[in-house]
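Okay, here's what each chain looks like letter by letter:
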Amino acid sequence: MPDGLFIFFAALTLGAASLLVLSRNAVTSAMGMILALVGVAADFFLLDAYFLGVLQVLVYAGAVMVLFLFVIMLLTDTAESPEGYPWKSAALGLAVFFFLAAGVLWLFVWSGAVPGTAAGANPPELTAAPGEFVTAAKGFGRLLYTKYLLPLEIAGFLLLVALVGVVSLSKDPVEENA
Amino acid sequence: MEHTTLAHHLLLAGLLFALGLTGVLVRRNLLVVYMCLELMLTAATLALVAFSRFNRTMDGAIFVFFIITVAAAEVAVGLALIVALYRRRGSVKSDELTTLRD
């Protein structure tokens, strides 16, 4: 049996994700999404990945979801399509969900493909060899500026490209023609 | 942490992914569909972090770092596209945006 905190946050995450999928109001969906992301961040903490947990809350649950909420409030007339519930696609979605869930359950619980060992002792702080799992943010810096220097530069460039792309996308076409 | 095994975390990640895929299939509002896509991405990062922790290596965690970076850029571009689409077509419902199919 997993420990209580994991059960609590896993239930929170799955419940919030169901709210995201099932709610007919886009704003409620966004709230469920935020809660689910916070739950995933809590699970990162339980996995000793503190830095990633903080990043998840700051970037995802913070910045990205604010952007989402902003666009939702800008565009949608809150209620989803008035002409009845889309039963056909709901049935398809349910079938896919139960198929996937059954597969996941079988794979990770009954098939024995994943060894049931615990994670072992707490990871070392800063005495670890480079590349070994550490909890401190320093472990990230050490790898990001050595082994993963090129990907880091590319990621920075990608952010710049996205910035320019968004600016050019959101230009008013009417204004341009004038 | 004592009794939580790799399988538990992978189970959570798998169920989250299934929920996200269900949302993508069922929902009609493009913004909600996009959020469900993000949920699937998050489920994948959860599995990566779990593998990284249980194999005692840092590479999976670094990969998640890059995924979060790329996802932030991707959300910005995607939302700009949706706003541009709304300006042009006046709707964000996927069953009203079928020009390419018709």
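Residues numbered from 1 in each chain as written. Chains lettered and ligands numbered in written order. Predicted model: local features only at pLDDT ≥ 70, side-chain atom pairs only at ≥ 80, totals over all residues.

This paragraph deals with unusual backbone geometry. One non-glycine residue, D48(A), adopts positive backbone phi at about 70°. Of the residues examined, D48(A) has 20 C-beta atoms within 10 Å and is grouped as buried. Phi is positive for R56(B), which is not a glycine, with a value near 55°. (Buried ≥ 20, exposed ≤ 12 C-beta atoms within 10 Å, placed from the backbone.)

This next bit is on the environment of A17(A). Looking at where A17(A) falls in the secondary structure, it is placed in helix 1 (residues 4–22). Ignoring any residue separated from it by four or fewer positions in sequence, one finds A17(A) in contact with G32(A), A36(A), L16(B), L19(B) and L39(B). (Helix = DSSP H or I, 4+ residues; strand = E, 2+ residues; numbered from the N terminus. Contact = placed C-beta atoms within 7 Å.)

Our focus in this paragraph is the interface of chain B and chain A. Between chain B and chain A, the residue contacts involve 61 residues of the former and 75 residues of the latter. At the level of secondary structure, the elements contributing two or more residues to the side of chain B that touches chain A comprise helix 1 (6–26), helix 2 (30–54) and helix 3 (59–89) of chain B. Top contributing element to the side of chain B that touches chain A by residue count: helix 3 of chain B, with 20 residues. The residue inventory of the side of chain B that touches chain A, partitioned by class, reads 43 nonpolar, 13 polar and five charged. (Nonpolar A, V, L, I, M, F, W, Y, C, P; charged D, E, K, R; others polar.)

So, on to the packing of helix 1 of chain B against helix 2 of chain B. To describe two helices that pack against each other, one gives the angle between their axes and the distance between the axes. Residue and element names in this part refer to chain B. Closest axis-to-axis distance for the helix 1/helix 2 pair is 8 Å, and the angle between their directions is 165°. With respect to their mutual orientation, helix 1 and helix 2 come out roughly antiparallel. The two elements helix 1 and helix 2 cross, and the hand of that crossing is left-handed. Grouping the constituent residues of the contact of helix 1 with helix 2 by class yields 21 nonpolar, four polar and no charged. (Axes fitted to C-alpha atoms, helices over the stretch in contact; angles between N-to-C directions. Parallel < 35°, antiparallel > 145°, perpendicular 65-115°, else oblique. Left-handed = near helix turned anticlockwise from the far one by under 90°.)

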